[in-house]
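Okay, here's what each chain looks like letter by letter:
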Number of protein chains: 2
Amino acid sequence: MSDSTPTKTQQALLQTLTPVLACNPGASLSEIAKQAGIGRATLYRHFASRDALVKAVAMDAIAAFDQATAEVKVQNLNAGDALLAFLQKVIPLGDRFHFLAIEPAAYNDPEIATAYARQLQELNAFITTLKQAGFIAVDVPKAWVTTAIDSLIWSAWSAVQAGDIAPNDAAALAYRTLIQGLGPLKS
Amino acid sequence: MSDSTPTKTQQALLQTLTPVLACNPGASLSEIAKQAGIGRATLYRHFASRDALVKAVAMDAIAAFDQATAEVKVQNLNAGDALLAFLQKVIPLGDRFHFLAIEPAAYNDPEIATAYARQLQELNAFITTLKQAGFIAVDVPKAWVTTAIDSLIWSAWSAVQAGDIAPNDAAALAYRTLIQGLGPLKS
DNA sequence: CTCAAATAAGACAAAATTGTCTCAGATATC
DNA sequence: GATATCTGAGACAATTTTGTCTTATTTGAG
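Please read all numbers here as calculations on a predicted model, not as lab measurements. (Residues numbered from 1 in each chain as written. Chains lettered and ligands numbered in written order. Predicted model: local features only at pLDDT ≥ 70, side-chain atom pairs only at ≥ 80, totals over all residues. Heavy atoms only, no water.)

The subject of this paragraph is the protein's contact with DNA strand C. Taken together, 17 residues lie around DNA strand C, and Thr42(A), Arg45(A), Leu29(B), Tyr44(B) and Arg50(B) are the ones closest in. Take Gly39(A): an N or O atom from its main chain is 2.9 Å from a phosphate oxygen of DNA strand C. In the environment of DNA strand C, a phosphate oxygen lies 2.9 Å from a nitrogen or oxygen atom belonging to the side chain of His46(A). For the surface near DNA strand C, the secondary-structure elements that each account for two or more residues are helix H3 (40-46) of chain A together with helix H3 (40-46) of chain B. Here the element with the most residues in the surface near DNA strand C is H3(A); it accounts for five residues. (Near = heavy atom within 4 Å. Polar contact = N/O pair within 3.5 Å; in protein donor to acceptor, adjacent residues only side chain to side chain. Helix = DSSP H or I, 4+ residues; strand = E, 2+ residues; numbered from the N terminus.)

Below, the structure is given as structure tokens:
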């Protein structure tokens, strides 16, 4: 078990801290603590440094993504249903993945970069399954499918957060955009 | 004419500085200057402060977007062709709009917020046109179309930048995802 | 109610960054 | 070649942020 496994208190803190950091990654620790409603000293009690906090938030995002993926896998759904179920689970985590993408301290960390690359590889394998099952056209570059999924997750999260679309509609809209948009061409 | 109209030298500097800032918005001015290949003193000679630089980059992004929009409009294309032409022009600017979205110093500035809201309104009007012309289904919330366009522009830019897709394919893939994905449902 | 554990405000030092200024060198113009 | 203008390195001061520590207060468990 890695020493980076968060304690129960760290876990609880991450719940509050993640949205604050995701919303304004450049904020000072004073500002972050204030918006999270805790003391700066408490931050230092549980996280050795700002970098340690950023890494914990990033690793937590990765764990949440893995959890969501595992929960979909055990359902043994067909590829299309699996995509919809996957979107339903990861869209509420949309801000965390965006944070992973834009925070240099996160994507430059070797442990996080390795985990992120693994997740990307798993997503690529899943896209292969979607193509083989005919949900995604074979002529669409896999790189495009990957980046479209990532960005539509962020879109959906943002729109829900802004109150522009209902939480229940988010996954369906993203699913429709992807499957209908990148499915086999129809004449 | 606003006093924020950039000088010729500022314009040239923005060309170099924009990608650097967009790539790492939290970098120090020392780091930014170094990566842009200029001196920190030169930055201060042309921009009064870090905030002034950030605002100049943001206003430049807005001007570039307005320019792209104007160039599409004069072509008097039908709604579908206009969307494709628009994507072709704005995808190369993808990092700038992303910067606008994630940089608090940018979106908290009233002048930039006003300009951005105007652009969003224009995009909304364009989406209405797309719906009326049957390119986008009327049942799709306008908010979803807007956010999908924004995020797919960023996706396309990222994928081109990473060398994952060819620059020529980017707009077509984004167009296909949007129009086929959000067009009227087919049975 | 008592006591142990946790928290947070604030003080402090160190480090990092911003902003100002000078001046030698580079560049552009005539 | 001379001169004006621009640039960038570096020094310096001010400000901000990080990280450490102490202590009073709060919270939670028994």
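After presenting the structure, the write-up continues.
Take the environment of Pro184(A) next. With respect to the secondary-structure elements, Pro184(A) resides in the segment after helix H10 (167-182). Judged by relative accessible area, which is 41%, Pro184(A) ranks as partly exposed. Pro184(A) sits 24 residues away from Val160(A) along the chain, and the two C-alpha atoms are 29 Å apart. Residue contacts for Pro184(A): discarding those within four places in its chain leaves Gly134(A), Phe135(A), Ala137(A) and Gln180(B). (Buried < 20%, exposed > 50% of the residue type's maximum accessible area, 1.4 Å probe, protein only. Contact = heavy atoms within 4.5 Å.)

Attention shifts here to the interface of chain A and chain B. Facing 32 residues of chain A, the contacting portion of chain B comprises 32 residues. Both faces considered, chain A and chain B share a buried interface measuring about 2,600 Å² in area, 63% of it formed by carbon and sulfur atoms. Considering only the side of chain A, the residues that lose the most area to chain B are Trp144(A), Arg176(A) and Gln180(A), jointly responsible for 27% of the buried surface there. Our count for the contact surface shared by chain A and chain B stands at two salt bridges. (Buried area = accessible area lost by both parts, 1.4 Å probe. Salt bridge = Lys/Arg side-chain N within 4 Å of Asp/Glu carboxyl O.)

The relation between the two copies of this chain is a rotation about an axis and a shift parallel to it. The transform that puts chain A on chain B rotates by 180° and translates by 0.0 Å along the axis, for an RMSD of 0.0 Å. As the rotation angle and translation indicate, the two copies are arranged about a two-fold axis. Within chain A, the C-alpha atom positioned nearest to the axis of rotation is that of Gly181(A), 1.7 Å from it. Mapped onto chain B, 100% of the interface residues of chain A again fall at the interface, so both copies present the same surface. (Least-squares fit on C-alpha atoms with pLDDT ≥ 70 in both.)

Attention shifts here to the packing of H10(A) against helix H10 (residues 167-182) of chain B. At a minimum axis distance of 7 Å, the contact between H10(A) and H10(B) shows a crossing angle of 105°. The angle between H10(A) and H10(B) places the two elements in the roughly perpendicular class. Contacts between H10(A) and H10(B) involve Arg176(A), Thr177(A), Gln180(A), Gly181(A) and Leu182(A) from the former and Arg176(B), Thr177(B), Gln180(B), Gly181(B) and Leu182(B) from the latter. The class makeup of the residues in the contact of H10(A) with H10(B) is two nonpolar, six polar and two charged. (Axes fitted to C-alpha atoms, helices over the stretch in contact; angles between N-to-C directions. Parallel < 35°, antiparallel > 145°, perpendicular 65-115°, else oblique. Nonpolar A, V, L, I, M, F, W, Y, C, P; charged D, E, K, R; others polar.)

Quick look at the protein's contact with DNA strand D now. In the vicinity of DNA strand D, 17 residues are found, and the nearest of them are Leu29(A), Arg40(A), Tyr44(A), Arg50(A) and Thr42(B). Considering DNA strand D, the proportion of its atoms within 4 Å of the protein that are sugar or phosphate atoms stands at 58%. Separating a base oxygen of DNA strand D from a side-chain N or O atom of Arg40(A) is a distance of 2.8 Å. Thr42(B) is positioned such that a nitrogen or oxygen atom in its side chain is 2.4 Å from a phosphate oxygen of DNA strand D. The biggest single contributor to the surface near DNA strand D is H3(B), with five residues. Its residues assigned to classes, the surface near DNA strand D comprises six nonpolar, seven polar and four charged.

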